[in-house]
Amino acid sequence: PVYESVRDLVNMQAQAKWCILVESASNFLNAGISAKAVFNLLHYLQVLSVQSGYCLAAGVHAESILSECPDGEDEEASFLVKRLLHRCDVHINVSALKSGLHQRVHGHLRIDWPKRSSAAVAACTPSIERHFKVLDRTVTVFAKGTSSAVL
């Protein structure tokens, strides 16, 4: 029913530009839905977005899931995370600083493009690593080592 509802809404608003956002695919697992069903839903939404020229953005708390269950205790969550990481066009990893909380830098941001078709393309589009600071209503993103605390 979720896919049909989204599809019907997208078809009714064909002239509009859409970005289908799934804030946390992990929440479906917490609601008792199987990882395979969640993966299939996201796959169908991805096909819909490609056919319609829209964007699909799905969040998953991959690092926390994989670090909590390194030996595969939670097979459902591990299955979902690994499948989504394999299927994604862009992987954005947001994490806290490894050195701990800092007043002027709140975290680390890494952007990867895992579906590179060749070594030449991989060389042209390297991973991007940045630091960020969360403010009242915005986020400031800056190159590593350029915070005023470092300079």
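Quick summary incoming for the structure in this document.

Parameters and conventions
- Residues numbered from 1 in each chain as written.
- Predicted model: local features only at pLDDT ≥ 70, side-chain atom pairs only at ≥ 80, totals over all residues.
- Heavy atoms only, no water.
- Helix = DSSP H or I, 4+ residues; strand = E, 2+ residues; numbered from the N terminus.
- Expected span 1.5 Å × (residues − 1).
- Buried < 20%, exposed > 50% of the residue type's maximum accessible area, 1.4 Å probe, protein only.
- Contact = heavy atoms within 4.5 Å.
- Polar contact = N/O pair within 3.5 Å; in protein donor to acceptor, adjacent residues only side chain to side chain.
- Pairing = 2+ DSSP bridges.
- Core = buried A, V, L, I, M, F, W, Y, C linked by side-chain atoms within 4.5 Å.

**Some details on helix H3 (residues 35–52)**
Here comes step 1: For H3, built from 18 residues, the straight-helix expectation of 26 Å at 1.5 Å per residue is met to within 8% by its first-to-last C-alpha distance of 26 Å.
Here comes step 2: Here H3 has its buried residues at Ala35, Val38, Phe39, Leu41, Leu42, Leu45, Gln46, Leu48 and Ser49.
Here comes step 3: Summarising the contacts, the buried residues of H3 are in contact with helix H1 (2–12), strand E1 (19–22), helix H2 (26–30), strand E2 (55–58) and helix H5 (75–87).
Here comes step 4: Positive backbone phi, at 75 degrees, marks Gly53, one or two positions downstream of H3.

**Some thoughts on the side chain of His108**
Here comes step 1: Residue position: His108 is located in strand E4 (residues 107–112).
Here comes step 2: Looking at His108, its side chain comes within polar contact range of the side chain of Glu129, at 2.9 Å.
Here comes step 3: If we ignore the near neighbours within four places in the chain, the residues touching His108 are Asn93, Val94, Ser95, Leu97, Glu129, Arg130, His131, Phe132 and Lys144.

**With respect to the pairing of E4**
Here comes step 1: Of all six residues that make up E4, five are buried, and the element is covered over most of its length.
Here comes step 2: With six bridges connecting them, strand E3 (residues 91–96) and E4 associate as antiparallel partners. Counterpart to Ile92 in the pairing with E4 is Ile111.
Here comes step 3: Sheet analysis places E4 next to strand E5 (residues 128–134), joined by five bridges and oriented antiparallel. Opposite Leu109, over in E5, you have Arg130 as the bridge partner.

**Section: the environment of Leu42**
Here comes step 1: Along the chain, Leu42 falls in helix H3.
Here comes step 2: For the pair Leu42 and Ala58, spaced 16 residues apart in sequence, the C-alpha separation works out to 7.9 Å.

**Side note on the nonpolar core**
Here comes step 1: Ranked by size, the top nonpolar core spans 16 residues in total, and within it Ala25, Leu29, Val38, Leu42, Leu45, Leu80 and Leu84 carry the most contacts.
Here comes step 2: For this core, the secondary-structure elements that each account for two or more residues are E1, H3 and H5.
Here comes step 3: The biggest single contributor to this core is H3, with seven residues.
Here comes step 4: If sequence neighbours within four positions are ignored, Leu45 has contacts with Tyr3, Val6, Ile20, Val22 and Leu56.

None of the figures reported here should be taken as evidence of function without further support.
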